[in-house]
Amino acid sequence: MIDIRLLRNDFKSVKKAISRRGEDTDSLDLIIGLDEKQRSIAEKRDQLRNEIKELSRRVGDLHKSGKTDEASPLQESSREMREKEEALSEECDQLSTEIRELLLRVPNIPAEECPNGESAEDNVVVRVEGQSDEAWENYQRVPHWEIGETLGILDVERATKLSGAMFAMYTGLGATLCRALIQYGLDRNADAYREIRPPTLVLTETMVSTGHLPKFADDAYHLERDDLWAIPTAEVPLTSYARDEIISESELPMKLMSHTSCFRREAGSAGRDTRGLLRVHEFDKVELLAYATPEQAQEVHEDILSRAESAIADLGLSYRILDLCSGDLGNSSARTFDIEVYAPGAEQWLEVSSVSWFSDYQARRANVRYRSEEAKGTSVVHTLNGSGLAVPRVWAAIVETYRQEDGSIRIPDPLLPYMQGVKSIN
RNA sequence: GGAGAGGUGGCUGAGUCAGGUUGAAGGCGCUCCCCUGCUAAGGGAGUAAGGGCUUAAUAGCUCUUCGAGGGUUCGAAUCCCUCCCUCUCCGCCA
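Going along each chain's sequence as written, the residues are numbered from 1 onward. Throughout, the order in which chains and ligands are written sets their labels, letters from A for the former and numbers from 1 for the latter. The model is predicted, so local features are restricted to residues of pLDDT at least 70 and side-chain atom pairs to those at 80 or more, both for listing and for counting; the totals for chains, interfaces and linings are taken over all residues. Remark: hydrogens and water are excluded; side-chain values derive from all non-hydrogen atoms of the structure.

Q: How should the nonpolar core be read in this particular structure?
A: As a rule of thumb, nonpolar side chains are buried together in soluble globular proteins. Here, nonpolar core refers to any group of buried Ala, Val, Leu, Ile, Met, Phe, Trp, Tyr and Cys residues whose side-chain atoms link them within 4.5 Å. For each residue, the accessible area found with a 1.4 Å probe, counting protein chains only, is set against the maximum for its type, and the residue is called buried under 20%, exposed over 50%, and partly exposed in between. Grouped together as the largest cluster of nonpolar side chains are 57 residues, with contacts concentrated most on Leu-181, Leu-315, Leu-317, Val-394 and Trp-395. Two residues form a contact once any of their heavy atoms are found within 4.5 Å. Sequence-distant contacts of Leu-181, that is, excluding residues within four places in its chain, are made with Leu-315, Leu-389, Val-391, Val-394, Trp-395, Ile-398 and Leu-415. Of all hydrophobic cores here, the second largest spans 35 residues; its members include Ile-18, Leu-74, Leu-88 and Leu-95.

Given below as structure tokens:
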């Protein structure tokens, strides 16, 4: 959620910044009008409340000194004021609710450095590492769903039997590889990130904090009976880890990581990328997340990016890094770098990590603050996160990239410690 | 799921069953000052968050918040109702 005071103080710049996303900004005009109205009513309401308090105090004194008869006219006028106060209060509450509902749907303000653009086409390629398209051998140009079936390590057909389309099931060494990737993803970041194993079912409030609700309810699984949501990413519980808390500055940056299952309905993408592991409803991921001061944010952003990148690079995969343009930026983010891995068999770039700086957008929703050492009072923290390792797409890229001429798959060196002595899958 | 106890500030803990400067005693912690070879002990002062308005600023005024919501009342931490959560015991269970 953006700071409404920013809107009051510098309406034009905010509007201009939001419109860089290609979003309609009419709601901003609406909000600023309602806000003005709300404040003027609140002022009158508070004035009345003050007068009522004053009267009550006098009534109390009169009762104490036995002058009960003198109290009744005061009580009468207090009752009248209360009626007015209640009317104003109600109006004021309605406006506040309306403002909040609108404000929750306003996306974050893109960072100045975020490049201009309308769509994914305009994302800036920061760098490309690894093999060029022509360099791949023919035996590497086999899609992972075919490899997986042949080697008995991926069973999409049975997964569909159990859960329907766009679910996957890893079998045998395929499952071991999956587990190895998770271990690898966690262990390499354990030097700086504290491991958390959070719940994967969360309250509505927890989903609102990251910005996944109310705007993107269709993308998430909801357990209606208990009003719980299946998390689409560990970003959701981790962002709420410190919800409604005040962190002391000495604890920042606070770095956390989690391995969880992630659940996505993929509402808008039915029929797209349906083969194999390209897009699935449930998958495993290691997520890195940090709370930071605004001053620390830049450095932490780079830290998460370099960790996410090196995890891919060390596996020997080809990848590229994109600086997302304003039109493609996620709703809650101010700046995002995507890491896309190249899958030579599927012949696609697959997004494996979005490393984002959310400025104070999520933390304001989650009410995570910190007490600064010099300035008095509290300030809202910044949140940052990115996937340290997203299993299915990395799994797919490994299987395709490491396919040998004989059809076997060589296990990349960094994963060997996690593979129980298995060096290749035949 | 059943029975009981309870949810108050950074923590602890009074106040609730006699409703009236109680945003809330005391203690701990923390900050500053004094005392003091050092440390410890001692003495003093301060110490919730959020919103609005005024101000160049320091600051001031005001409202809200004692788990949440509603009710009674001139006035609610305190009385009534509903819900949520925590703890203990029982049942069930990985």
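And the narrative resumes.
Q: Any chance you could explain the side chain of Asn-189 here in plain terms?
A: Following the sequence through the fold, Asn-189 ends up in the loop between helix H7 (173-187) and strand S2 (194-195). In this structure Asn-189 comes out as buried when scored by relative accessible area, which is 2%. Polar contacts, as counted here, are pairs of nitrogen or oxygen atoms within 3.5 Å of one another; within protein the pair requires one atom able to donate a hydrogen and one able to accept it, and residues that are adjacent in sequence qualify only if both atoms are side-chain atoms. Within the structure, Asn-189 has its side chain in polar contact with the side chain of Arg-307 (distance 3.0 Å). When sequence neighbours within four positions are dropped, the list of residues in contact with Asn-189 reads Met-257, Leu-288 and Arg-307. Helix numbers and strand numbers start at the N terminus; a helix is a DSSP run of H or I with at least 4 residues, a strand a run of E with at least 2.

Q: Hey, could you run me through unusual backbone geometry in this one?
A: In most cases, non-glycine residues show a negative phi, while peptide bonds are predominantly trans. Geometrically, the link from Leu-213 to Pro-214 is a cis peptide bond, its omega value of 0° lying close to zero. Here the amide bond leading from Leu-252 into Pro-253 is cis, since omega sits at -5°, within 30 degrees of zero. Mapped onto the fold, Pro-253 is located in the loop between strand S6 (246-248) and strand S7 (254-263). Positive phi, close to 65°, is recorded for Met-166, a residue that is not glycine. For Met-166, a relative accessible area of 13% gives the class buried. Residue Gln-420 is not a glycine yet carries a positive backbone phi of 50°. The exposed category is assigned to Gln-420, whose relative accessible area is 59%.

Q: Honestly, the environment of Ser-56 in this entry has me stumped. Any pointers?
A: When you line up the elements, Ser-56 lands in helix H3 (residues 26-64). A sequence separation of 364 residues divides Ser-56 from Gln-420, and the C-alpha atoms of the two residues are 77 Å apart.

Q: Could you clarify how one ought to interpret the packing of helix H2 (residues 11-19) against H3 in this entry?
A: Relative orientation and spacing of two packed helices are given, respectively, by the angle between their axes and the distance between those axes. Every axis corresponds to a line fitted to the C-alpha atoms, with the helix fit spanning only the stretch in contact, and the corresponding angles, defined between N-to-C directions, vary from 0 to 180 degrees. Running from N to C, H2 and H3 point in directions that differ by 150°, and their axes come no closer than 10 Å. In terms of orientation, H2 lies roughly antiparallel with respect to H3. You can see that H2 and H3 cross each other, and the crossing is right-handed. Contacts between H2 and H3 involve Phe-11, Val-14, Lys-15 and Ile-18 from the former and Leu-28, Asp-29 and Ile-32 from the latter. Comment on the angle field: the value is read as roughly parallel under 35 degrees, roughly antiparallel over 145, roughly perpendicular from 65 to 115, and oblique elsewhere. Each crossing gets its handedness from the near helix: less than a right angle anticlockwise from the far helix is left-handed, clockwise is right-handed.

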